[in-house]
Every structure is written in C-alpha cells, then in structure tokens.
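The chain contents come next:
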Amino acid sequence: MADVVQDVVNENENLTASASNATGKIPATPEGMVVAYGSLVLMALLPIFFGAFRSVKHHKEQKESGEKPETMSQKDAAMFPIIASAALFGLYIFFQIFSKEYINLLLTGYFFFLGILALPVISSLVPAAIPNIPFHLHFTQGGPNGDDDLINYRFSSHDVVCLICCSIVGAWYLIKKHWIANNLFGIAFAINGVELLHLNNVVTGCILLCGLFVYDIFWVFGTNVMVTVAKSFEAPIKLVFPQDLLEQGLSASNFAMLGLGDIVIPGIFIALLLRFDNSLKRNSNTYFYVTFAAYFLGLMATIFVMHVFKHAQPALLYLVPACLGTPLLLAVFKGDLKAMFQYEDHPSEKTPTEATRVVENKRNITEDGDNRIVDGRRISSHESYE
C-alpha cells in the first residue's frame, strides 16, 4: 500500500556515473525530481477532491432511491489490515516462486477490463458538440407466462464515445505498458474508489486508518516485502512519473511512484468528512478542506523525509496522523466532536427488541416527569401536598 515514493540517491558523482552505466538509467536531476514529485502530488490530490464531491452526489442518489448499500463495519475495518497483509505476502511468495512475467501477463489482462470499466468517469468531458442521443437495448424471451427480460440496458451516444476512448487507452496499456496509460487507469481507479467506498462513520474510519498505519510501517520498515512487490507488480495500482522526463521525454524510464492505497484509503475518510460537513448544513466544508490540506502536508512530509534518509517511506506513517489528528482537533475546538462521532451516512435500523426498549425508556421518562418523590413516596404531580 505504501508503494511509497521511491528514489535512489547516490552520494557522489562517481557512484552516480557507475550506477547509470550499470542500469542504463539517466540519474535524476534536481529539476527532474521536482517535476516528478510535483506531478505525483497533483495526481494524488485530484482523485481525492473530485472523488469526494462525487461521493456526496452518489450518497444523495442512494438516499433518494432508498438504496441500502453495503458499508464497511467496524469488524471489517479491524480485519482489513490482516487480510491485506495475507494478500501482500501471498503476492510476494508468488513472485519468489513463479516467473513474474507470467503473473504480470495475467494481471495485465485483468486490469485491462477493470480499467475500461473505470475510465468512464471522464464522461463529463465529452464535448457538447457531440449529440447525447439516448438508446435502449432490450432483449426479451417469450414464453407462455409472458416475456422475460434478458437484457434491459439504457445508454447514450456519450457512453459509446467513452467506451471507444477507454478501449483505445486499454489497448495502449495492454500493448505498450506506457506510464501515461498506467496513470490514466490509476487515476480512474482512485476516483471510483473514493466515490464508491463508504466508511459510514468516523469510528470505522479511525479503526481502518490506525490498522493500516501499523500495517504500512511493518511491511516497509520491518521487511522488504512491500518494496519488492511494488517493483515487481506491473499493474495500474500505483501512479508513476519519470524523474528523467526532461532528458528523455516520453520514453523516460527512471520512475518515482506512489501507491493507490496511499490515495484511496485517506481519500475515503476525507470524503466521509465532506459528507459530514454537508450534514451540518453550515454552507461550508471546513472539515473537508482542512483535512485535505493536512493530507497535502503529510504527502510533502513523506517526500521530504525520504530524501533526507534516502530510504523508502511508508506514506501512511505521515498521512494517518495528519488525516486523523487534524479533523479531531478541529472538532474539539469547534465543539463538534460528539456530532462527528454520532454521524452515520446510513443510520443502522434498530432491531424490534431495541425499538421496544427505546419506547419503554421514553414512557418511563414521561412517567417520571409527571410524578414526584416526596418522603420516599411517589405521588402524582397533580396531587396537592405540603
């Protein structure tokens, strides 16, 4: 997950020259690193920003339609780092036993289809000059008891344009594995993840982020598993940008990278805060913008520490404290802490037993309000007493 920003910095020019000759890569210049990391930061911020606002729209549509989506429970959040660790170590073992070319070939085909399905987030960019003509594809199968729908799908000409464009990008990635195609897929995955993955409440988000905080530190600092998988895994689960772009152009090959997990995981929590802002009905998105700025500062801290210590860094080590501590401190200052922890995207329905208990409690409260205790004896408030 912390397919962390990675860079190899040599201490002197002779070592740099020999490394360049051995690997065939052009050493990164300061200008090239600024361009690369600046681009990675921008590509990380955009999916969170647009995905968060799309999640608000998606949430409203769910409420209006009465849809009850599956949300991550607190138990799911606690188990997620364990499941992710098992999956990560499993991939590491696979890469140690089997040829990574065959594994990556299988994964490339899988992400090719996923990417084509994810890229239609660009549908709003289709030029208005192209008419948006609606279509309805409807296949039925007749029978004695009536017709059964086999296919009942509505789409428009803009959807067809998107499908063609996405297929071209997918074919480009499938054939060339070009870093631009990889990033287009990666950004599309990140936007969809932030938009569609809902934490439901802040407590679940805190459990998930704290668990992945420990997960990231262990697998990056404790072992070489994370970095090995990140380098071997040729799939659009990370954003990459060449540090030698200024020297080599689009054929550059000395990449810096950032894992999608470092974007999507904090992103779904930041999107939850945007929906919480909307629930407060204050016509401001204070918690969203403040936490969004904290995420940016955490990402910059990751890059800074990486270059100071010349070692790969688990990005969540810096992003989790920034994304959790900032909104919680702000909520304490503004007096919204209780409201923040009580907020739920989709309030859970009470069971019949719980509902009965609530009614009984309300009845007892009402009765207590109509009675008083005098000398250890309960009397009606309508009785006269001295």
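Per an unreviewed UniProt entry, the protein chain goes by the name Minor histocompatibility antigen H13 and belongs to Diploptera punctata.

**Student:** Talk me through the overall build of the protein chain; I want residue IDs and the actual numbers.
**Tutor:** Within the protein chain, the regular secondary structure consists of 14 helices and six strands. Looking at the protein chain as a whole, 41% of its 386 residues qualify as buried. Taking as baseline every contact in the protein chain between residues at least 6 positions apart, the subset at least 24 positions apart corresponds to 75%. About 21,700 Å² of surface is accessible on the protein chain, with carbon and sulfur atoms providing 63% of the total.

**Student:** Pulling in residues and values, what's your account of a nonpolar patch on the surface?
**Tutor:** Where nonpolar side chains cluster on the molecular surface, the patch consists of Phe89, Ile93, Phe94, Ile97 and Phe98 and spans about 490 Å² of accessible area. Among the secondary structure elements, Phe98 is positioned in the loop between helix H3 (74–97) and helix H4 (100–118). Classification of Phe98 by relative accessible area gives partly exposed; the value is 46%.

**Student:** Go over H3 with me, naming the residues and quoting the values.
**Tutor:** Given a rise of 1.5 Å per residue, 24 residues ought to cover 34 Å, and the 36 Å separating the end C-alpha atoms of H3 matches this to within 8%. At Phe80, H3 shows its maximal bend, which comes to roughly 35°, and the proline Pro81 appears one to four places after that position. Looking only at H3, the buried set comprises Ala77, Pro81, Ala84, Ser85, Leu88, Tyr92 and Phe95.

**Student:** Mind laying out helix H7 (residues 202–222), listing which residues take part and the relevant values?
**Tutor:** With 21 residues, H7 extends 29 Å from end C-alpha to end C-alpha; this agrees with the ideal 30 Å at 1.5 Å per step. All buried positions along H7 are accounted for by Val202, Thr204, Gly205, Cys206, Leu208, Leu209, Leu212, Tyr215, Asp216, Trp219 and Val220. Looking at the packing, one finds that the buried side of H7 touches H3, helix H8 (225–232), helix H10 (261–280), helix H12 (316–334) and helix H13 (337–342). Looking at where H7 begins, the residue whose side-chain oxygen comes 3.3 Å from the main-chain nitrogen of Val203 is Asn201.

Rules used in this analysis
Residues numbered from 1 in each chain as written. Predicted model: local features only at pLDDT ≥ 70, side-chain atom pairs only at ≥ 80, totals over all residues. Heavy atoms only, no water. Helix = DSSP H or I, 4+ residues; strand = E, 2+ residues; numbered from the N terminus. Buried < 20%, exposed > 50% of the residue type's maximum accessible area, 1.4 Å probe, protein only. Contact = heavy atoms within 4.5 Å. Areas by Shrake-Rupley, 256 points an atom, 1.4 Å probe, with all protein chains shown as cover. Patch = residues over 30% accessible without salt bridge, like charges linked within 9 Å, V, L, I, M, F, W, Y side chains within 5 Å. Salt bridge = Lys/Arg side-chain N within 4 Å of Asp/Glu carboxyl O. Expected span 1.5 Å × (residues − 1). Bend = angle between axes of the 7 residues up to and from the residue. Polar contact = N/O pair within 3.5 Å; in protein donor to acceptor, adjacent residues only side chain to side chain.

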